Amino acid sequence: MKAAKILHELEKEDIRILAAVELGMKKHEMVPIKHISFFARFDLEETEYRLDRVHKIGLLQRNKVGSVAYCLNSEGYDVLALHTLFSKGHIESIGPSLGKGKESDVYRCLTKDNIQVALKLHRLGQTSFRNIRKFRSYVEDRTHTSWLYISRLSAKREYEGLNRVYKLHLRTPKPIAQNRHALVMSIIQGEEISKFDELNNPAQHFNEIIREYKLFFSEAHVIHGDLCEFNILLNPDDQILIIDWPQWEDWNHPNAKELVTRDITNLCAFFKKKGVESNPDEIIQDILVLNPKFRTNL
Ligand SMILES: Nc1ncnc2c1ncn2[C@@H]1O[C@H](COP(=O)(O)OP(=O)(O)OP(=O)(O)O)[C@@H](O)[C@H]1O
Ligand SMILES: [Mg+2]
């Protein structure tokens, strides 16, 4: 991973300049140098020297028209998150990729105590961000900062959701730390059930998933919100694991019924292809009535 390699070459002043650009991005699409200088508490000369250096390393984007201004690119944002996680000892080294989701990169890492953990970097809205960069000489709409904001929000949501469900001691990853768009969690072994042509005990897995889903709902008051064959893993002991929690919602969410319906409909459709017949409406009702709010008006 590029950011991990670069991190070791950086001086603490480089990190400070990146953090100053990040601060400036709360208000600006492209942050003018004098604002960066203010946030970094460097004089203009030092600020320009650092910006130039960090830009050459490939962590910033510079505008091409008007007065000089900068914003972080995704590697710059990775560097800031990794720097924080490294300095807190949550990770010490980054290894190979564990998987690539629709909107994330997941890596195998080691902590300072040599424990293996998973690092998930949320990457929302970056495809459109790249397209914008390709077609314009400078970026002028809010899409620019929104990738950074929504990626951070997504990691934060997943961390909160995992904290809520992990307390139940079911088979979900253990949340360890979160910073910006990065989430550190326990590593789990397994393959997505979508990858299996045949499952040994499809009916048993199906029942186990429903049983856990009910516990998430009734005990943690959480709806997964993105339950599908890509987010259910099967470990070598043939046990299921449920991952990918950024889209969770509280069981009292105004769309709770729709979210449960979508999750269970997806699940039943996948298992139907594996020969498991079920009645989704009945299962959805069984789940919803666990919340007193739904008992009277189903
Ligand atoms: N804790 C973990 N341990 C080991 N591998 C993991 C872990 N979390 C995720 N992975 C691997 O990375 C892949 C992508 O993870 P995940 O499903 O959480 O991301 P995603 O699909 O991009 O999420 P999103 O739906 O938020 O875009 C998984 O399919 C899995 O192979
Ligand atoms: Mg996924």
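Rules of the game
- Residues numbered from 1 in each chain as written.
- Chains lettered and ligands numbered in written order.
- Predicted model: local features only at pLDDT ≥ 70, side-chain atom pairs only at ≥ 80, totals over all residues.
- Heavy atoms only, no water.
- Near = heavy atom within 4 Å.
- Polar contact = N/O pair within 3.5 Å; in protein donor to acceptor, adjacent residues only side chain to side chain.
- Areas by Shrake-Rupley, 256 points an atom, 1.4 Å probe, with all protein chains shown as cover.
- Helix = DSSP H or I, 4+ residues; strand = E, 2+ residues; numbered from the N terminus.
- Nonpolar A, V, L, I, M, F, W, Y, C, P; charged D, E, K, R; others polar.
- Domains from an automatic or database assignment.
- Buried < 20%, exposed > 50% of the residue type's maximum accessible area, 1.4 Å probe, protein only.
- Arc of directions from axis to C-beta.
- Contact = heavy atoms within 4.5 Å.
- Donors = N, O, S within 2.8 Å, 3.2 Å for Na, K, Ca; no water.
- Axes fitted to C-alpha atoms, helices over the stretch in contact; angles between N-to-C directions.
- Parallel < 35°, antiparallel > 145°, perpendicular 65-115°, else oblique.
- Left-handed = near helix turned anticlockwise from the far one by under 90°.
- Buried area = accessible area lost by both parts, 1.4 Å probe.
- Salt bridge = Lys/Arg side-chain N within 4 Å of Asp/Glu carboxyl O.
- Pairing = 2+ DSSP bridges.

Colleague: Pulling in residues and values, what's your account of the site of ligand 1?
Modeller: Near ligand 1, the surroundings consist of 20 residues, among which G101, S104, K120, E192 and D244 are the closest. Contact between ligand 1 and K120: an oxygen atom at 2.7 Å from a side-chain N or O atom of the residue. Side-chain polar atom of D244 to an oxygen atom of ligand 1: 2.7 Å apart, as the coordinates give it. Protein contact buries 94% of the 620 Å² of open area that ligand 1 shows by itself. Listing elements by their share of the shell around ligand 1, those giving two or more residues are β4 (93-100), β5 (104-110), β6 (116-122) and β8 (182-186). Looking at the shell around ligand 1, its residues break down into nine nonpolar, five polar and six charged. When residues of the shell around ligand 1 are assigned to domains, at least three fall in each of domain 1 (2-186) and domain 2 (191-294).

Colleague: Provide a residue-level description of helix α3 (residues 33-40), including the pertinent values.
Modeller: Among the residues making up α3, those that are buried are I33, I36, S37 and A40. The arc enclosing the buried residues of α3, seen along the axis, measures out at 100°, which places them on a common side. With respect to the buried face of α3, the exposed residues turned more than 90 degrees away are K34 and F38. Packed against the buried residues of α3 are α2 (12-24), β1 (31-32), α4 (44-57) and β3 (69-72). Just past α3, the residue R41 takes up positive phi, approximately 55°.

Colleague: I'd like a description of the coordination of the magnesium ion (ligand 2), backed by residues and values.
Modeller: Protein-derived coordination of the magnesium ion (ligand 2) comes from N231 (OD1) and D244 (OD), at a distance range of 2.2 Å. Of this pair, N231 sits in the loop between β10 (222-223) and β11 (232-234) while D244 sits in the loop between β12 (240-242) and β13 (249-250); the two residues are 13 residues apart in sequence, bridging distant segments of the chain.

Colleague: Which residues make up unusual backbone geometry, and what values do they have?
Modeller: One non-glycine residue with positive phi stands out, namely D238, at about 65°. Here the phi dihedral of D244 falls at roughly 70°; this positive angle occurs in a residue that is not glycine. Overall, D244 belongs to the buried group, its relative accessible area being 17%.

Colleague: Kindly report on the packing of helix α9 (residues 256-273) against helix α10 (residues 280-288), identifying the contributing residues and their values.
Modeller: The contact between α9 and α10 brings their axes to 9 Å, and the two run at 140°. Between α9 and α10, the angle is such that the two are oblique. The two elements α9 and α10 cross, and the hand of that crossing is right-handed. Contacts from K257, V260, T261, I264, T265 and C268 in α9 reach P280, I283, I284, I287 and L288 in α10. Here the residues of the contact of α9 with α10 sort into eight nonpolar, two polar and one charged.

Colleague: Give me the domain arrangement of the protein chain: which residues, what numbers.
Modeller: Under the domain assignment, the protein chain is made up of domain 1 (2-186) and domain 2 (191-294). A C-alpha centroid distance of 32 Å is found between domain 1 and domain 2. Between domain 1 and domain 2, the contact holds 16 residues from the first and 20 residues from the second. Where domain 1 abuts domain 2, roughly 1,600 Å² becomes buried across the two surfaces, and 56% of that area is made up of carbon and sulfur atoms. Contact with domain 2 buries surface across domain 1, with R157, R164 and R171 losing the most and accounting together for 46% of the total. Counting every contact that joins domain 1 to domain 2 gives five salt bridges. At the boundary of domain 1 and domain 2, one finds 10 residue pairs in polar contact (both at pLDDT 80 or more).

Colleague: Hey, could you go over the sheet that holds β5 for me, with residue numbers and the actual values?
Modeller: Pairing is antiparallel across the open sheet formed by five strands, whose spatial order is β4-β5-β6-β8-β7. Two strands close off the open sheet at either side, each with one partner strand: β4 and β7 (175-179). Sheet twist, expressed as the average angle between the axes of neighbouring strands with direction ignored, equals 25°. Inspection of the sheet shows β4 paired to β5 by five bridges, in the antiparallel sense. When the bridges of β5 are listed, I94 appears paired with C109. Here helix α5 (residues 74-87) sits on the sheet and contacts β4, β6, β7 and β8; the angle it forms with β7, its principal contact strand, is near 135°.

Colleague: Go over the environment of F42, please, and point to the residues and values.
Modeller: Tracing the sequence through the fold places F42 in the loop between α3 and α4. If near-sequence neighbours (up to four positions away) are discounted, F42 is found in contact with E13, R16, I17, S37, T47 and R50.

Colleague: Give me the pairing of β6: which residues, what numbers.
Modeller: Buried residues dominate β6, accounting for six of its seven residues. Judged from the seven bridges that link them, β5 and β6 form a sheet pairing that is antiparallel. Following the sheet pairing, R108 is matched in β6 by A118. Judged from the five bridges that link them, β6 and β8 form a sheet pairing that is antiparallel. When the sheet's bridge partners are listed, A118 is paired in β8 with M185.

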